[in-house]
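# What the coordinates show
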Amino acid sequence: MTTFTAFAVLPERAPAEDLAEHLESLDPGPYGVGVFEIEDGSGNFEVGAYFLERPNEVVLELLAAAYGSTGFTVSELPETDWVAHVRRELAPVVAGRFFVHGSHDADKVPATSIPLLIDAAMAFGTGHHGTTLGCLSALDRLERDGLRAKNVADIGCGTAVLGMAAAKLWPETVLASDIDPVAVETARANVVSNGLEGRVVCLEAAGFAHPELQDAAPFDLIFANILKAPLISLAPDMGRFCAESGHVILSGILHEQADEVIAAYEAQSFTLVSRDEFGDWTTLVLKRN
């Protein structure tokens, strides 16, 4: 099956989302459209669409001009089983005691590790990205230092790898939420694969905007592995829904963005506990006063 991609860049989220909505009405229409903040600190947004037929490039250029985006870059992808390809390329990841692996490496799990089964899928968080690795390492260190979290939330959970890691450390129910319905379905499948049904509850929600999350607050531990802008926007809610003396583990932060995120959380009565770098990314642990 041949797939065509079309990507353009805009400086603001609102017009990017409007352009994405317009793309869905094309004929031939795309089978998938997404809007993503570019993780380079620029604040720009990328609109991407995937087509089974080559899109009309004249129409795309007219849309680009109408919405103020860069011109669309259209490419034809080779016929590749991408999930199978990723499975071959993804080696197990070790983060503290956690061993993140695909089903193809189930026979390699060390006896002394805490295994997390995450196969390649359409959601962020296989453990290979520096942000996920940083969060798992921070969680392992906090637990070794004596943290016993009884109420945990994983906000922007992706594959729910962080929520599942917490559930494997402590016998409590973890709430994991994501704004993306595909991520939520992927997370639910991962929960089943890891034998954590009923222990990790996956919800579709933006931030804490779900009754189950609000009813369960305050939380002893909150993960948020997203990006700088939403982390800063969430800071007041983090202060509201994190328990006194509770911890937050934050990532999705480029090194040069960390001071701004720290300042936003200090304004909500958090104190920095640790700051670690993994590749291009910083992971922060903060404690609420």
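All values reported here derive from a predicted model rather than from experimental measurement. (Residues numbered from 1 in each chain as written. Predicted model: local features only at pLDDT ≥ 70, side-chain atom pairs only at ≥ 80, totals over all residues. Heavy atoms only, no water.)

On to the nonpolar core. Grouped together as the largest cluster of nonpolar side chains are 37 residues, with contacts concentrated most on Leu 139, Trp 170, Val 200, Leu 221 and Ile 249. Ranked by the residues each element gives to this core, the list is headed by helix H5 (residues 161-169), at 7 residues. With near-sequence residues (within four places) excluded, Trp 170 lies in contact with Leu 139, Glu 143, Leu 147, Arg 148, Ala 149, Val 152, Arg 199 and Leu 221. The next biggest cluster of nonpolar side chains, apart from the first, holds 26 residues, and it includes Phe 208, Phe 241, Cys 242 and Leu 250. (Core = buried A, V, L, I, M, F, W, Y, C linked by side-chain atoms within 4.5 Å. Buried < 20%, exposed > 50% of the residue type's maximum accessible area, 1.4 Å probe, protein only. Helix = DSSP H or I, 4+ residues; strand = E, 2+ residues; numbered from the N terminus. Contact = heavy atoms within 4.5 Å.)

Should the charged atoms of two oppositely charged side chains come close, the side chains can pair. Summed over the entire model, instances satisfying the criterion amount to 12 salt bridges. As a salt-bridge pair, Arg 97 and Asp 140 come within 2.4 Å of each other at their nearest N and O atoms. Of this pair, Arg 97 sits in the loop between strand E5 (93-95) and strand E6 (98-101) while Asp 140 sits in helix H4 (residues 130-144), and the two are 43 residues apart along the sequence. For Asp 140, a relative accessible area of 6% corresponds to the buried category. Between Arg 141 and Asp 276 there is a salt bridge whose closest N-O contact spans 2.8 Å. A residue pair is termed long-range when its members are at least 10 positions apart, and Arg 141 in helix H4 and Asp 276 in strand E13 (residues 270-278) qualify at 135 residues. Classification of Asp 276 by relative accessible area gives partly exposed; the value is 23%. Each member of the salt-bridge network shares a partner with another, and the members are Arg 97, Asp 140, Glu 143, Arg 144 and Arg 148. (Salt bridge = Lys/Arg side-chain N within 4 Å of Asp/Glu carboxyl O.)

Assignment of secondary structure puts Leu 284 in strand E14 (residues 281-288). A relative accessible area of 0% means that Leu 284 is categorised as buried. Through-space distance from the C-alpha of Leu 284 to that of Pro 171 is 25 Å; in sequence the pair is 113 residues apart. The residues contacting Leu 284, other than those within four sequence positions of it, are Val 248, Ile 249, Leu 250, Ile 253, Ala 258, Val 261, Ile 262, Leu 272, Ser 274 and Arg 275.

As summarised here, the arrangement of the 4 strands in space is E2-E3-E1-E4, forming an open sheet in which the pairing is antiparallel. Here the strands that pair on one side only, and so sit at the sheet edges, are strand E2 (32-37) and strand E4 (73-77). The average angle at which neighbouring strand axes cross in this sheet is 20 degrees, direction not considered. Both strand E1 (residues 3-10) and strand E3 (residues 45-51) contribute to a ladder of 7 bridges, which runs antiparallel. Across the sheet, Val 9 pairs through a bridge with Glu 46, a residue of E3. Helix-sheet contacts for helix H1 (residues 13-23) involve E1, E2 and E3, and the interaxial angle to E3 is about 10 degrees. (Pairing = 2+ DSSP bridges. Axes fitted to C-alpha atoms, helices over the stretch in contact; angles between N-to-C directions.)

What follows concerns the packing of H4 against H5. Orientation of H4 relative to H5, taken along the N-to-C sense of each, is 20 degrees, at an axis distance of 10 Å. With respect to H5, the axis of H4 lies roughly parallel. Read as a crossing pair, H4 and H5 show a hand that is right-handed. Every residue of H5 that contacts H4 at Thr 132, Cys 135, Leu 136, Leu 139 and Glu 143 is listed here: Val 161, Leu 162, Ala 165, Ala 166 and Leu 169. Of the residues contributing to the contact of H4 with H5, the split by class is 8 nonpolar, 1 polar and 1 charged. (Parallel < 35°, antiparallel > 145°, perpendicular 65-115°, else oblique. Left-handed = near helix turned anticlockwise from the far one by under 90°. Nonpolar A, V, L, I, M, F, W, Y, C, P; charged D, E, K, R; others polar.)

A sheet is described by the order of its strands in space; here 3 strands give the open sequence E5-E6-E7, paired in mixed fashion. The sheet is open, and its two borders are formed by E5 and strand E7 (114-117), each paired with just one other strand. The sheet shows a mean angle of 25 degrees between the axes of neighbouring strands, taken without regard to direction. Two elements, E6 and E7, share 4 bridges in a ladder whose sense is parallel. Residue pairing in the sheet places Phe 98 in a bridge with Ile 114 of E7. In the packing of H5 onto the sheet, the strands contacted are E6 and E7, and the crossing angle to E7 comes to about 150 degrees.

Attention now goes to the packing of aromatic side chains. Using the criterion set out here, one finds 5 aromatic pairs in the structure. Taking 6.3 Å as the distance between ring centres and 45 degrees as the angle between the ring planes, the aromatic pair formed by Tyr 31 and Tyr 50 counts as tilted. Taken as a pair, Tyr 31 in the loop between H1 and E2 and Tyr 50 in strand E3 lie far apart in primary sequence, 19 residues in all. The exposure class of Tyr 31 is partly exposed, given its relative accessible area of 48%. Here Tyr 50 falls in the partly exposed class, since its relative accessible area comes to 31%. (Phe/Tyr/Trp six-rings, centres within 6.5 Å; stacked < 30°, edge-to-face > 60°.)

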